[in-house]
Amino acid sequence: MSPPVKARSGHIVLDAKRSYRDLVRVYPDIHRQIVEVNRPFVKETDPLLPQVLLDENLRDLKGGRKPVGYNRPDPFGLRLIFPIPEERRAEFYFAKPARCQEVVQITEHVSQLLKRRGIRHSVEYDRLPLGPVRGVPPLPSSGSGAGLSSF
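Since we're looking at a predicted model, the values are computed, not measured.

Brief notes about the overall build of the protein chain
The number of helices and strands found in the protein chain is three helices and four strands. Among the 151 residues that make up the protein chain, the fraction classed as buried is 37%. Of the contacts made within the protein chain by residues no fewer than 6 positions apart, 69% connect residues no fewer than 24 positions apart. Carbon and sulfur atoms make up 56% of the accessible area of the protein chain, which totals about 9900 Å².

Some words on the side chain of His31
Residue placement: His31 occurs in helix H1 (residues 27-38). Take His31: its relative accessible area is 3%, and that puts it in the buried class. With sequence-adjacent residues up to four places away left out, His31 is seen in contact with Pro50, Leu53, Leu54, Asn57 and Tyr70.

Re H1
Compared with the 16 Å implied by 1.5 Å per residue over twelve residues, the 16 Å span of H1 between its first and last C-alpha is a close match. Tyr27, Pro28, Ile30, His31, Gln33, Ile34, Val35 and Asn38 are the residues of H1 that are buried.

Re the packing of H1 against helix H2 (residues 50-62)
Contact pair H1 / H2: the axes reach a minimum separation of 11 Å and the direction vectors enclose 150°. Here H2 runs roughly antiparallel to H1, going by the angle between their axes. For the pair H1 and H2, the sense of crossing is right-handed. Two secondary-structure elements touch here, H1 through Tyr27, Pro28, His31 and Val35 and H2 through Pro50, Leu53, Leu54, Asn57, Leu58 and Leu61. Of the residues contributing to the contact of H1 with H2, the split by class is eight nonpolar, two polar and no charged.

Details of the nonpolar core
Of all hydrophobic cores here, the largest spans 31 residues; its most connected members are Leu23, Ile30, Leu80, Phe92, Phe94, Val110 and Leu114. Elements supplying a minimum of two residues to this core: strand E1 (7-14), H1, H2, strand E3 (91-100) and helix H3 (101-116). Considering each element in turn, this core owes the most residues, six residues, to H3.

Considerations on the layout of surface pockets
As a volume, the largest pocket reaches approximately 330 Å³. In this structure, the largest pocket is lined by 15 residues; those nearest its centre are Val13, Pro83, Glu86, Glu91 and Arg127. For the lining of the largest pocket, the elements supplying multiple residues, two or more each, are E1, E3 and strand E4 (121-125). Considering only residue class, the lining of the largest pocket consists of seven nonpolar, two polar and six charged.

Focus: the sheet that holds E1
Pairing in this open sheet of four strands is antiparallel, and the strands run E2-E3-E1-E4 from one edge to the other. Lying at the two open borders of the sheet, with one neighbouring strand each, are strand E2 (79-81) and E4. Across the sheet, the mean angle from the axis of one strand to that of its neighbour is 20°, orientation sign disregarded. Bridge count between E1 and E3: six bridges; the pairing is antiparallel. Each residue of the ladder has a partner; that of Val13, found in E3, is Glu91. Across the face of the sheet, H3 comes into contact with E1, E3 and E4 while running at roughly 160° to E3.

Cut-offs and rules
Residues numbered from 1 in each chain as written. Predicted model: local features only at pLDDT ≥ 70, side-chain atom pairs only at ≥ 80, totals over all residues. Heavy atoms only, no water. Helix = DSSP H or I, 4+ residues; strand = E, 2+ residues; numbered from the N terminus. Buried < 20%, exposed > 50% of the residue type's maximum accessible area, 1.4 Å probe, protein only. Contact = heavy atoms within 4.5 Å. Areas by Shrake-Rupley, 256 points an atom, 1.4 Å probe, with all protein chains shown as cover. Expected span 1.5 Å × (residues − 1). Axes fitted to C-alpha atoms, helices over the stretch in contact; angles between N-to-C directions. Parallel < 35°, antiparallel > 145°, perpendicular 65-115°, else oblique. Left-handed = near helix turned anticlockwise from the far one by under 90°. Nonpolar A, V, L, I, M, F, W, Y, C, P; charged D, E, K, R; others polar. Core = buried A, V, L, I, M, F, W, Y, C linked by side-chain atoms within 4.5 Å. 1 Å grid on protein atoms, 1.4 Å probe; cavity = no way out; pocket = protein on both sides within 12 Å on 5 of 7 lines; lining within 4 Å. Points joined across faces, edges and corners; volume = space filled by probe spheres on them. Pairing = 2+ DSSP bridges.

In structure tokens form, the structure reads like this:
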């Protein structure tokens, strides 16, 4: 199956026999790519430097724990999220607030990196339960303003 042109999230789910510890060798490359993509959105006063985040994430991966990822509060930045696993399978995904090619490109690039290292996984797109699109709230009916006169 070929990847979509644009996506809001790109998920990489490791094989059931794999754990977070298997990502230790490849995570520095993944982290560098995320930092490069987000460079235009990084503030000079950001207290958490990319190297500190890398060290924290590597420490968690080496211990077989779910790492923090790269979940900065930048409104247009690319995020790397390690969700709480439902089926005890290691998973991570890349996400942006809008559908874009960048998510697909980095997901496919990381997938190729994992394949070269022999880490079996599957790739899925737009699997986040975001709910329906919210529209403009309806206008109140003409009879609903009667309670407002008592103020």
